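Take a look at the letters that make up each chain.
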Amino acid sequence: MGDLWQFVDGVNINDHQAWVSKDANNYASNVFAHPYEKLNYVNATSNGWVIGMGLDNKHPFANFPTILGGSSTTYYSDHYWQATGQRIALVGGHLYNGSIAGLSYWDLYFSSGASAWSLVGRLLKKRS
């Protein structure tokens, strides 16, 4: 979905530590225990341009920024936003982000109670 931040269900962040759930039946905000699983790395603790992404071999689908220092024309060419506390995962960016938004543009800044015109989620029907 272009021009809007997209909410990523099944990912919760607590003080830069990501927790993920592989089962859509267990998705819930602000859960930091079973059935969610903690990744084996900690996300970057400041805002900036992404140089490197974390890798957890048990959860290879969950790659969040861990190393910053690039620019709009080097490495991933995507920006990263974060904050301490319990956070949700957003990806993509909105129309005001322009060239700083790309496939690896993560925003781990908003809490689960946040609302804005630029935050969206896609409605999906779970398979029976």
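Because the structure is predicted, anything quoted here is derived from the model rather than measured.

Student: Just checking my understanding: could you explain the overall build of the protein for this structure?
Tutor: Within the protein, the secondary structure is distributed over 0 helices and 9 strands. Among the 128 residues that make up the protein, the fraction classed as buried is 38%. Sequence separation of at least 24 residues holds for 53% of the intrachain contacts in the protein that already meet a minimum separation of 6. Split by element, the accessible area of the protein, about 7,300 Å² in all, is 52% carbon and sulfur.

Student: Please explain the pairing of strand E6 (residues 79-82) as it appears in this structure.
Tutor: Pairing geometry for strand E4 (residues 48-53) and E6, over 2 bridges, is antiparallel. Its bridge partner lying in E6, Gly48 is registered against Tyr80.

Student: Looking at this model, I keep getting lost on the packing of aromatic side chains. Mind explaining?
Tutor: Think of a pair of aromatic rings as described by two things: how far the centres are apart, and how the planes are tilted against each other in angle. Tallied over the full model, the rule gives 2 aromatic pairs. With centroids separated by 6.4 Å and ring planes inclined at 75°, the aromatic side chains of Trp19 and Phe32 adopt a geometry described as edge-to-face. Taken together, the positions of Trp19 in strand E2 (residues 17-20) and Phe32 in the loop between E2 and strand E3 (37-42) put the pair 13 residues apart, joining distant regions of the chain. In this structure Trp19 comes out as buried when scored by relative accessible area, which is 16%. Residue Phe32 is classed as buried on the basis of its relative accessible area, which comes to 18%. Aromatic side chains Phe64 and Trp106 sit 4.7 Å apart centroid to centroid with 65° between the ring planes, which places their arrangement in the edge-to-face category. With Phe64 in the loop between E4 and strand E5 (65-68) and Trp106 in strand E8 (residues 106-108), the pair connects residues that are 42 residues apart, well separated along the chain.

Student: Hey, could you run me through the environment of Gln86 in this one?
Tutor: If you trace the backbone, Gln86 turns up in strand E7 (residues 86-91). Gln86 sits in the partly exposed class, given a relative accessible area of 38%. Between the alpha carbons of Gln86 and Gln17 there is a distance of 9.4 Å; along the sequence they are 69 residues apart.

Student: Explanation requested: the nonpolar core in the structure shown.
Tutor: Burial of nonpolar side chains together is a common tendency in soluble globular proteins. Grouped together as the largest cluster of nonpolar side chains are 15 residues, with contacts concentrated most on Val11, Leu39, Phe64, Tyr80, Trp106 and Leu108. At the level of elements, strand E1 (5-14), E2, E3, E4 and E8 are the ones that each hand at least two residues to this core. For Leu108, the contacting residues outside a window of four places in its chain are Ile13, Asn43, Phe64, Tyr80, Trp81, Gln82, Ala83, Arg87, Ile88, Ala89 and Leu90.

Student: Looking at this structure, how should I read the environment of Phe64?
Tutor: Judged by its relative accessible area of 2%, Phe64 falls in the buried class. Along the primary structure Phe64 and Asp107 are separated by 43 residues, whereas in three dimensions their C-alpha atoms are 9.9 Å apart. Ignoring anything within four residues of it in the chain, the contact list for Phe64 reads Val11, Ala18, Leu39, Tyr41, Asn43, Gly52, Met53, Gly54, Trp106 and Leu108.

Student: Can you help me understand unusual backbone geometry in this one?
Tutor: The phi angle of most residues is negative, glycine excepted, and most peptide bonds adopt the trans form. The linkage connecting His34 with the following residue, Pro35, adopts the cis geometry, with an omega of 15°. Locating Pro35 in the fold gives a position in the loop between E2 and E3.

Rules used throughout
Residues numbered from 1 in each chain as written. Predicted model: local features only at pLDDT ≥ 70, side-chain atom pairs only at ≥ 80, totals over all residues. Heavy atoms only, no water. Helix = DSSP H or I, 4+ residues; strand = E, 2+ residues; numbered from the N terminus. Buried < 20%, exposed > 50% of the residue type's maximum accessible area, 1.4 Å probe, protein only. Contact = heavy atoms within 4.5 Å. Areas by Shrake-Rupley, 256 points an atom, 1.4 Å probe, with all protein chains shown as cover. Pairing = 2+ DSSP bridges. Phe/Tyr/Trp six-rings, centres within 6.5 Å; stacked < 30°, edge-to-face > 60°. Core = buried A, V, L, I, M, F, W, Y, C linked by side-chain atoms within 4.5 Å.

Any functional reading would require information that these geometric values do not contain.
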